[in-house]
Amino acid sequence: MKPFTVRLHVYGDLDFFLPSKTPGGKVERHLNEKTSVKDVIESFGIPHPEVDLILVDGNAVDFGYTVTADAKIELYPPGIQSSSFTDKRLQATAITEFIADGHLGKLVRDLRLLGIDVAYDAAAEDRQLVEIASRNNRALLTRDRRLLMHAAVQHGYYLRSQNPLEQTIEVLRRFDLGAILSPFSRCLRCNALLEPTEKEKVIGQLEPLTKIYYSKFRRCTGCGQVYWSGSHFTKLQKRLEQIRANFGG
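Since the structure is predicted, the reported quantities are computational estimates derived from the model, not experimental observations.

Some thoughts on the packing of helix H2 (residues 105-113) against helix H8 (residues 231-248)
Put simply, H2 and H8 touch, their axes get as near as 11 Å, and they point 90° apart. Compared by their axis directions, H2 and H8 come out roughly perpendicular. On H8, the residues that touch Arg109, Asp110 and Leu113 of H2 are Leu236, Arg239, Leu240 and Ile243. Class assignment of the residues belonging to the contact of H2 with H8 gives a composition of 4 nonpolar, no polar and 3 charged.

A closer look at the packing of H2 against helix H5 (residues 164-174)
Remark: H2 packs on H5, axes separated minimally by 9 Å, with the N-to-C direction vectors making an angle of 55°. As summarised for this structure, H2 and H5 are arranged oblique, according to the angle between their axes. The handedness of the crossing between H2 and H5 is right-handed. Here Lys106, Leu107, Asp110 and Leu111 of H2 come into contact with H5, specifically with Pro164, Leu165, Gln167, Thr168, Val171 and Leu172.

Focus: the sheet that holds strand S7 (residues 71-76)
One open sheet accounts for 5 strands, arranged S2-S1-S7-S4-S5; its pairing is mixed. The open sheet has two edge strands, strand S2 (26-31) and strand S5 (59-61), and neither has a second partner. Here the average twist between neighbouring strands, direction ignored, is 30°. In terms of strand pairing, strand S1 (residues 4-10) meets S7 through 5 bridges, oriented parallel. Within S7, the position partnered with Val10 by the bridge is Leu75.

A look at a nonpolar patch on the surface
Together, Leu209, Ile212 and Tyr213 give the surface a local cluster of nonpolar side chains, amounting to about 400 Å² of exposed area. Given the relative accessible area of 56%, Leu209 is considered exposed.

Looking at empty space enclosed by the protein
Here the structure, examined in full by the defined rule, presents 1 cavity of 30 Å³ or more. Roughly 80 Å³ of volume is contained in the largest cavity. As for the largest cavity, its lining consists of Phe184, Arg186, Leu188, Leu194, Arg218, Tyr227, Trp228, His232, Phe233 and Leu236. With 3 residues, H8 is the single largest residue contributor to the lining of the largest cavity. Across the lining of the largest cavity, the residue classes break down as 7 nonpolar, 1 polar and 2 charged.

Cut-offs used in this document
Residues numbered from 1 in each chain as written. Predicted model: local features only at pLDDT ≥ 70, side-chain atom pairs only at ≥ 80, totals over all residues. Heavy atoms only, no water. Axes fitted to C-alpha atoms, helices over the stretch in contact; angles between N-to-C directions. Helix = DSSP H or I, 4+ residues; strand = E, 2+ residues; numbered from the N terminus. Parallel < 35°, antiparallel > 145°, perpendicular 65-115°, else oblique. Contact = heavy atoms within 4.5 Å. Nonpolar A, V, L, I, M, F, W, Y, C, P; charged D, E, K, R; others polar. Left-handed = near helix turned anticlockwise from the far one by under 90°. Pairing = 2+ DSSP bridges. Patch = residues over 30% accessible without salt bridge, like charges linked within 9 Å, V, L, I, M, F, W, Y side chains within 5 Å. Areas by Shrake-Rupley, 256 points an atom, 1.4 Å probe, with all protein chains shown as cover. Salt bridge = Lys/Arg side-chain N within 4 Å of Asp/Glu carboxyl O. Buried < 20%, exposed > 50% of the residue type's maximum accessible area, 1.4 Å probe, protein only. 1 Å grid on protein atoms, 1.4 Å probe; cavity = no way out; pocket = protein on both sides within 12 Å on 5 of 7 lines; lining within 4 Å. Points joined across faces, edges and corners; volume = space filled by probe spheres on them.

As structure tokens, then:
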């Protein structure tokens with residue numbers, strides 16, 4: 001097959017995945033065989049769940065499109081609109097359930113604090129993360145590019161920052177989650193929902209001073225963990241204030 005050249009032009013923050021000295025988000029590669037546009041994109045280091053619109057020589061295509069000759073490929077991330085192709089988007093717009101890899105425990109805690117459904121097992125292997133994300137239609141949150149490039153992963157996001165607070169803001173903005181936040185509604189340990197419970201029903205799980213000074217409790221519907229407005233609650237409120245201040249800003 002005659003060699004050919006693909007020229008890639010990325011928009012938005014997709015240049016994050018390109019080498020730091022890449023001029024204007026434009027790179028090119030020479031190929032010797034027909035290749036799916038997904039493989040072309042990921043050969044440049046860009047995970048496919050980060051791409052919401054692909055234009056090949058001005059025409060919108062999906063990830064299965066095969067490149068066989070010289071081509072100009074333009075990539076748009078979610079949130080960057082191209083008015084001519086509003087019906088050709090590749091990423092879902094209403095993802096509210098997630099799974100996070102084992103290195104993101106602090107991010108998971110923040111998201112659960114906000115009431116967001118995040119599956120998490122610090123010991124989970126990559127294949128398990130991919131299987132759960134695919135089977136349950138959860139978006140995979142990770143800082144492992146190769147994991148996000150797995151063909152079975154339909155939705156996901158690569159965290160740009162290594163700071164948990166900044167990561168939380170990234171997820172809220174990327175998936176437009178502001179309208180569904182419900183703080184203190186989900187268990188920080190197991191992710192199940194909390195429900196109000198009578199003091200008498202959890203009295204055996206309480207410390208002596210807690211029994212004296214607190215009367216309102218919530219219990220996890222999954223693991224049975226009991227929550228009340230103690231000193232830990234004040235710390236969690238401060239964390240919420242931090243998140244809201246940064247998200248609003």
